[in-house]
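Each chain, written out:
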Amino acid sequence: MKEIYQHFRKEEHDKITMLNGKFEIASRDYYPVLLDFLDPRERKIVRSIAGSYPDLRVEFYGGGTGERERERAMIIPELLEAAKDDFEVLVFEIGYPEKFVTLTHRNVLGAVMNVGLDRSLIGDIITGDRIQLAIAEPYAPMFRETLGRIKNAPVTLTEIPHESFMDAVDDGKSHVILSSSFRLDTVISEVIKEGRAKSKSRVEKGKVKVNHSIVTEPSFIMETGDIVSVRHFGRFVIDSLIAETRKGKYRILVRLYRDG
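Below is a short write-up of the structure. (Residues numbered from 1 in each chain as written. Predicted model: local features only at pLDDT ≥ 70, side-chain atom pairs only at ≥ 80, totals over all residues. Heavy atoms only, no water.)

## Let's talk about the sheet that holds strand β10 (residues 173-179)
Here six strands make up an open sheet; going across it, the order is β10-β15-β14-β13-β11-β12 and the pairing antiparallel. What marks the edges here is a single partner per strand, and that holds for β10 and β12 (213-214). As paired elements, strand β13 (residues 227-230) and strand β14 (residues 234-244) share four bridges and run antiparallel to each other. Looking at the pairing, Val228 lines up with Phe236 of β14. (Pairing = 2+ DSSP bridges. Helix = DSSP H or I, 4+ residues; strand = E, 2+ residues; numbered from the N terminus.)

Right, dumping it as structure tokens:
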């Protein structure tokens, strides 16, 4: 296990320890252990830990078909099986007066979080012609009873079959930036086209999240695959390092998702 810590950031070590504890429980009790919804970075950690437990396997499911951005994980001892129902995922469609209000992903997420649900209990939120989202089943009753309005508009909640859960539409735009380093404030400065001091201030004031966690250290070093959310701007993903220039700068491909 010790070598796993070396491949991840210091800030992630507590999460690695917590997740490893779930593997130990599944191995000791020989019983499947269900985790909350995980983002891609957290699933990477889970897959890395799984390599240390040959008697266990991990399956992921977030509702519907195909891979989701957020999925629950189940740690399963060998010879045991798990069905989709065992992942305890429910999918809802939100009805609202479309002619009078426009709801964005941010509006929906904010309203759901205000219900009192932790982000780890919420799966993908799909917006567009319809609004759908996945919820951890044990918390669905509270969600139903409490969520009555979004952006001051009345909403209705209808549980739908998993096969009706729409796929997310990737409306991101690829963009190449030239950065002097992989520092968080430097990369943000290049992506949003603002002064470094302003980007540094955004980070220090807690207005930036990396992989869904607030980061307040401007010198935080970015890695490929990181998801960065900047309040009132949107989010971007570090896609890849294209090349290092002769002058020592980095040509980085990012994918931009503006708040809608």
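## Structural notes on the packing of aromatic side chains
The final tally for this structure, using the stated rule, is four aromatic pairs. The ring of Phe37 is capped by Arg72, whose NZ or CZ atom sits 5.9 Å from the centre of that ring. Geometry around Tyr257 places Arg235 over its ring, the cationic atom sitting 4.9 Å from the centre. (Phe/Tyr/Trp six-rings, centres within 6.5 Å; stacked < 30°, edge-to-face > 60°. Lys NZ or Arg CZ within 6 Å of the ring centre and 35° of its normal.)

## Looking at a positive patch on the surface
Together, Lys205, Lys207, Lys209 and Arg231 make up a region of like positive charge exposed at the surface. The topology assignment puts Lys209 in strand β11 (residues 208-210). (Patch = residues over 30% accessible without salt bridge, like charges linked within 9 Å, V, L, I, M, F, W, Y side chains within 5 Å. Areas by Shrake-Rupley, 256 points an atom, 1.4 Å probe, with all protein chains shown as cover. Salt bridge = Lys/Arg side-chain N within 4 Å of Asp/Glu carboxyl O. Lys, Arg positive; Asp, Glu negative; His and termini not counted. Charge placed at Lys NZ, Arg CZ, Asp CG, Glu CD.)

## Topic: the packing of helix α2 (residues 13-29) against helix α3 (residues 40-50)
The interhelical angle for the contact between α2 and α3, taken along N-to-C directions, is 50 degrees, at an axis separation of 10 Å. With respect to α3, the axis of α2 lies oblique. For the element pair α2 and α3, the recorded crossing hand is right-handed. Packed against α2, whose contacting residues are Lys15, Ile16, Leu19, Asn20 and Phe23, the element α3 presents Glu42, Ile45, Val46, Ile49 and Ala50 at the interface. Among the residues forming the contact of α2 with α3, the class breakdown is seven nonpolar, one polar and two charged. (Axes fitted to C-alpha atoms, helices over the stretch in contact; angles between N-to-C directions. Parallel < 35°, antiparallel > 145°, perpendicular 65-115°, else oblique. Left-handed = near helix turned anticlockwise from the far one by under 90°. Contact = heavy atoms within 4.5 Å. Nonpolar A, V, L, I, M, F, W, Y, C, P; charged D, E, K, R; others polar.)

## Notes on a negative patch on the surface
A surface patch of like charges, here negative, comprises Asp85, Asp86, Glu88 and Glu137. You can see Asp86 is positioned in the loop between β3 (71-77) and β4 (89-95).

## Re helix α6 (residues 184-192)
Taking burial as the measure, the nine residues of α6 include eight buried ones, the bulk of the element. Turning to α6, its buried residues number three or more, namely Leu184, Asp185, Thr186, Val187, Ile188, Ser189, Val191 and Ile192. Among the structural elements, β10, α7 (196-204), β11, β13, β14 and β15 (250-258) are those in contact with the buried residues of α6. Looking one or two residues past α6, Lys193 carries a phi angle of roughly 60 degrees, positive in sign. (Buried < 20%, exposed > 50% of the residue type's maximum accessible area, 1.4 Å probe, protein only.)

## Thoughts on the side chain of Arg70
Inspection of the secondary structure puts Arg70 in the loop between β2 (56-61) and β3. Separated by 2.8 Å, the side chain of Arg70 and the backbone oxygen of Arg119 make a polar contact. Of note is the side chain of Arg70, whose polar atom sits 2.9 Å from the backbone oxygen of Ile122. In contact with Arg70, other than residues within four places in its own chain, are Phe37, Leu38, Asp39, Arg43, Gly62, Arg119, Ser120, Ile122, Gly123, Asp124 and His212. (Polar contact = N/O pair within 3.5 Å; in protein donor to acceptor, adjacent residues only side chain to side chain.)

## What to know about the pairing of strand β6 (residues 131-136)
The element β6 is largely enclosed, with a buried count of six among its six residues. Of the two faces of β6, the one lined by Ile131, Leu133 and Ile135 and the one lined by Gln132, Ala134 and Ala136 are each fully buried. Pairing between β4 and β6: six bridges, direction antiparallel. Following the sheet pairing, Phe92 is matched in β6 by Leu133. Two elements, strand β5 (residues 122-126) and β6, share three bridges in a ladder whose sense is antiparallel. Looking at the pairing, Ile122 lines up with Ile135 of β6. As consecutive antiparallel partners, β5 and β6 are separated by four residues, and within that stretch Gly128 has a phi angle of approximately 150 degrees, a positive value.

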